[in-house]
Amino acid sequence: MSDDDLAWETTDSRIDYTCPGFDIRMDDVRLPDGTETDFHYVDEPPAVVVLPFTPDGDVVVIDEWRQAVGRTNRGLPAGGTEDGDTDYAAAAHRELTEETGYEAKTVDPLVTVEPANGIANSVHHYFVANECEPSADQNLDFNESIRPTTVEYDELRQSILAGEVRDARTVLGVLYHELAGD
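Cut-offs used in this document
- Residues numbered from 1 in each chain as written.
- Predicted model: local features only at pLDDT ≥ 70, side-chain atom pairs only at ≥ 80, totals over all residues.
- Heavy atoms only, no water.
- Helix = DSSP H or I, 4+ residues; strand = E, 2+ residues; numbered from the N terminus.
- Contact = heavy atoms within 4.5 Å.
- Salt bridge = Lys/Arg side-chain N within 4 Å of Asp/Glu carboxyl O.
- Buried < 20%, exposed > 50% of the residue type's maximum accessible area, 1.4 Å probe, protein only.
- Expected span 1.5 Å × (residues − 1).
- Arc of directions from axis to C-beta.
- Pairing = 2+ DSSP bridges.
- Axes fitted to C-alpha atoms, helices over the stretch in contact; angles between N-to-C directions.
- Polar contact = N/O pair within 3.5 Å; in protein donor to acceptor, adjacent residues only side chain to side chain.
- Core = buried A, V, L, I, M, F, W, Y, C linked by side-chain atoms within 4.5 Å.

With that settled, the discussion passes to unusual backbone geometry. Phi at Glu131 is positive, roughly 60°, even though this residue is not glycine. Relative to the helices and strands, Glu131 is located in the loop between strand 10 (124-130) and strand 11 (133-134).

Set out below in C-alpha cells:
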C-alpha cells in the first residue's frame with residue numbers, strides 16, 4: 001500500500017484568522033473515499049530551537065511566561081524565522097542573542113521535527129550552540145517576558161525527569177541530544 005492511498009486532495013485553502021506569530025488556515029479537502037470536508041490547522045513559519053552550552057558546559061535556559069498555560073516555564077531559547085528565511089543556523093544565532101543576550105561561537109544542527117503535525121504545519125529546526133558567552137543585550141519581542149539564566153546540564157536533565165520542565169521543545173532537545181550522544 002502506498003502513501004497515495006492515504007493522501008487528501010486540497011481543493012482550496014485560505015486564512016481564517018491571523019495574529020502575530022501564526023495563522024489559522026482552512027483547507028477544503030477531498031478524502032480518499034471521496035468525502036469532501038474542511039480541515040483547520042495552525043499555519044506558522046519554521047522555527048529554531050537552541051540548546052546552548054557555555055564554555056563551562058552549563059546550559060543557557062530561559063524562564064518565560066506562557067499565557068496559554070498560565071505559568072512561567074523553563075525552556076530553551078526558540079523562535080520563528082523571519083519571512084522567507086531559510087538560513088536556520090543564522091536564525092538560531094539571532095534567537096539565542098535576542099532572547100538571552102548570549103552569543104555562540106558555533107551552532108550545529110541537531111534534528112528537525114514536526115512537533116504537532118496533526119494540528120499544525122510547524123517545523124522545528126534544533127541546533128546545539130557551543131561556547132556561548134553573554135555579550136549583548138536582550139532584544140525581546142513586545143509580547144515576550146523572558147529571564148535568561150544558566151543551569152548545569154545534569155540539573156536540567158534531572159528537572160526534565162522530575163517533570164519540572166514541561167516545555168516539550170526543551171524535553172525533545174535534551175532527549176535527542178542524549179540519544180545522539182553529543
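What follows picks up the thread again.
The next point concerns the side chain of Thr81. Looking at the element boundaries, Thr81 is found in the loop between strand 7 (78-80) and helix 1 (88-100). With near-sequence residues (within four places) excluded, Thr81 lies in contact with Pro45, Pro46, Ala47, Val48, Tyr88, Ala91 and Arg94.

Moving on: the pattern of salt bridges. Tallied over the full model, the rule gives 15 salt bridges. Salt-bridge contacts for Glu178 lead to Arg157; the nearest nitrogen and oxygen are separated by 3.3 Å. With Glu178 in helix 3 (residues 168-180) and Arg157 in helix 2 (residues 153-161), this pair connects stretches of sequence that are 21 residues apart. The partner of Arg169 in a salt bridge is Asp167, and the shortest N-O contact between them spans 3.6 Å. Residue classification places Arg169 among the partly exposed positions, given a relative accessible area of 22%. Look at Asp167 and you get buried, because its relative accessible area is 13%. Ionic contacts of the salt-bridge type, sharing partners, join the residues Glu82, Asp85, Arg94, Glu95 and Glu98 into one network.

A separate point is helix 3. The terminal C-alpha atoms of helix 3, which comprises 13 residues, lie 18 Å apart, in line with the 18 Å expected from a rise of 1.5 Å per residue. Among all positions in helix 3, only Thr170, Gly173, Val174 and His177 are buried. The arc enclosing the buried residues of helix 3, seen along the axis, measures out at 90°, which places them on a common side. Of the exposed residues in helix 3, those oriented more than 90 degrees away from the buried face are Ala168 and Leu179. Two residues or fewer after helix 3 comes Gly181, characterised by a positive phi angle close to 75°.

With that settled, the discussion passes to the sheet that holds strand 5 (residues 58-66). Strands sit in the order 6-5-12 across an open sheet of three strands; the sheet is antiparallel. Because the sheet does not close on itself, it has two edges, and the strands there are strand 6 (71-75) and strand 12 (146-152). Across the sheet, the axes of successive neighbouring strands diverge by a mean angle of 30°, strand direction being ignored. Two elements, strand 5 and strand 12, share seven bridges in a ladder whose sense is antiparallel. Counterpart to Val59 in the pairing with strand 12 is Val151. Packed on one face of the sheet, helix 2 meets strand 5 and strand 12 and runs near 105° to strand 12.

Let us now look at the side chain of Thr100. For Thr100, the position within the fold is in helix 1. Looking at Thr100, its side chain comes within polar contact range of the main-chain oxygen of Leu96, at 2.5 Å. Within the structure, Thr100 has its side chain in polar contact with the backbone nitrogen of Tyr102 (distance 3.0 Å). In contact with Thr100, other than residues within four places in its own chain, are Val60, Ile62, Pro77, Gln138 and Pro148.

This part is about the nonpolar core. Ranked by internal contacts, the top residues of the largest apolar core, which has 18 residues, are Leu51, Val59 and Leu156. Only strand 4 (47-52), strand 5, strand 9 (106-113), strand 10 and helix 2 provide two or more residues apiece to this core. Non-local contacts of Leu156, meaning those with residues more than four positions away in its chain, are made with Val59, Val61, Val151, Val165, Thr170 and Val174. Judged by nonpolar contacts, the second largest core, of twelve residues, contains Val50, Ala91, Phe127 and Cys132.

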